[in-house]
Amino acid sequence: MSKERKIQLRLMRCIGYVVLLLAEIFLFAFLRSYFLLAVMGLLVVWPMISAAGLLYLARRVHAQMGTGQERACPGDTVLLTCRLQNSSWWLALDAEWRIRFDNTFWGEQSERSLCMPVRLHGDEVLTLPLQITDLGHFCISSDILVLQDVMGLVCIRIPVCLAREIDVIPKAGTTEPDQVEGYMSGLSETEESTERGNDFAEVSDIREYAPGDRIRDIHWKLSAKKDILMVKERVSMAGSEMAMVLCPGEEKKLAEQVLVYAFHLAQAFMELHIPVCLILWNQNLYQWDESRFSTRDEMEESFCRIYDIPVSMRNNDQWERYMVNSYPYLGTYVMLAAEEGEVQVVLHENA
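Computed from a prediction, not measured in an experiment: that's the story for all the values here.

A. Representation of the overall build of the protein. When you go through the protein residue by residue, the secondary structure sums to seven helices and 16 strands. Looking at the 351 residues of the protein, the share that counts as buried comes to 44%. The contacts in the protein between residues at least 6 apart in sequence include a share of 70% that link residues at least 24 apart. For the protein, the accessible surface area stands at approximately 19100 Å², while carbon and sulfur atoms represent 55% of it.

B. Layout of helix α7 (residues 319-326). Listed in full, the buried residues belonging to α7 are Trp319, Tyr322 and Met323. Buried residues of α7, viewed axially, fall in a sector of 105°; they line one side. In the core, the buried residues of α7 are packed alongside β12 (242-247), β13 (276-282), β14 (287-293), β15 (332-339) and β16 (342-349).

C. Layout of a nonpolar patch on the surface. On the surface, Leu42, Val44, Val45, Trp46, Met48 and Ile49 cluster together into a nonpolar patch covering about 530 Å² of accessible area. Mapped onto the fold, valine 45 is located in helix α2 (residues 34-58). The partly exposed category is assigned to valine 45, whose relative accessible area is 40%.

D. Broad picture of unusual backbone geometry. Phi angles above zero are rare outside glycine, and histidine 121 is one such case at about 45°. Using a relative accessible area of 37% as the deciding quantity, one classes histidine 121 as partly exposed. Positive phi, normally seen in glycine, also occurs at histidine 273, with a value near 65°.

Here is what the cut-offs are and how they apply
Residues numbered from 1 in each chain as written. Predicted model: local features only at pLDDT ≥ 70, side-chain atom pairs only at ≥ 80, totals over all residues. Heavy atoms only, no water. Helix = DSSP H or I, 4+ residues; strand = E, 2+ residues; numbered from the N terminus. Buried < 20%, exposed > 50% of the residue type's maximum accessible area, 1.4 Å probe, protein only. Contact = heavy atoms within 4.5 Å. Areas by Shrake-Rupley, 256 points an atom, 1.4 Å probe, with all protein chains shown as cover. Arc of directions from axis to C-beta. Patch = residues over 30% accessible without salt bridge, like charges linked within 9 Å, V, L, I, M, F, W, Y side chains within 5 Å. Salt bridge = Lys/Arg side-chain N within 4 Å of Asp/Glu carboxyl O.

In structure tokens form, the structure reads like this:
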């Protein structure tokens, strides 16, 4: 905690107290009572004791803040714990936290004030439930703690440096099997013409269709020529990779829908043991950011890295041309973009 502190007088309260003291002096001058003399002495001395106690307290109070978790999903409740540790034998009836909430991904921010007392030689804890509604990277911070003396005449601003960060990712969901099969079928069809290292899956043989074969293994072009269904026998899906390019746009509702759909689609691919390469534009570095994952933990980390820069820096109107230039050997990829007021999911050929 910084040693730089700023003391402020509560002007209106001080004026009221001076009026009270003058009234007490007038009554004593008129009545000449020893009781009024004692009260007058107390009114003179007590503000000095209260202010001195506040200065003493300010050096021995320590603020802590915690959330207990670093990751959440929309709809979750995060408990923000604010703790004031007082090692002195003095107290404060009112301590005000200035807490700031920033969602750096959307560029949103707000500020709240939280009041609580400072316990005499002990800890005071206040737990505040926070309802999570939006995706993004939340930073909960406090840089000022304001303590007020017992009489409420003086307050002191104590600089603090407290911050907790929470990444909000989409909830786990499901994607229709037909949609996943469609992407895989289209991707395997177009990728067969690329070099071996980029194949979505390796084809060992082509034979006639048999009941129980997967639809995505049908060789549609050859089947059309032979007038019978032909299927591709695949050796292994190991080493394959699904490329997903995201262009979320800047409209918040649509951008969140893009991220949620991408999260669910990536989850579906991983359930089929297909690694995913997540690709987003980085306007700051003027290049594509890549993030590969094959497990749930890696996927969550990859989506958290999306929030490293604001959403406005994640869009590129010329994404098709930039993808061709940056990934000349990539055959096809799944493109998820916010266009024309809705989420567009397209299996795009990189040509």
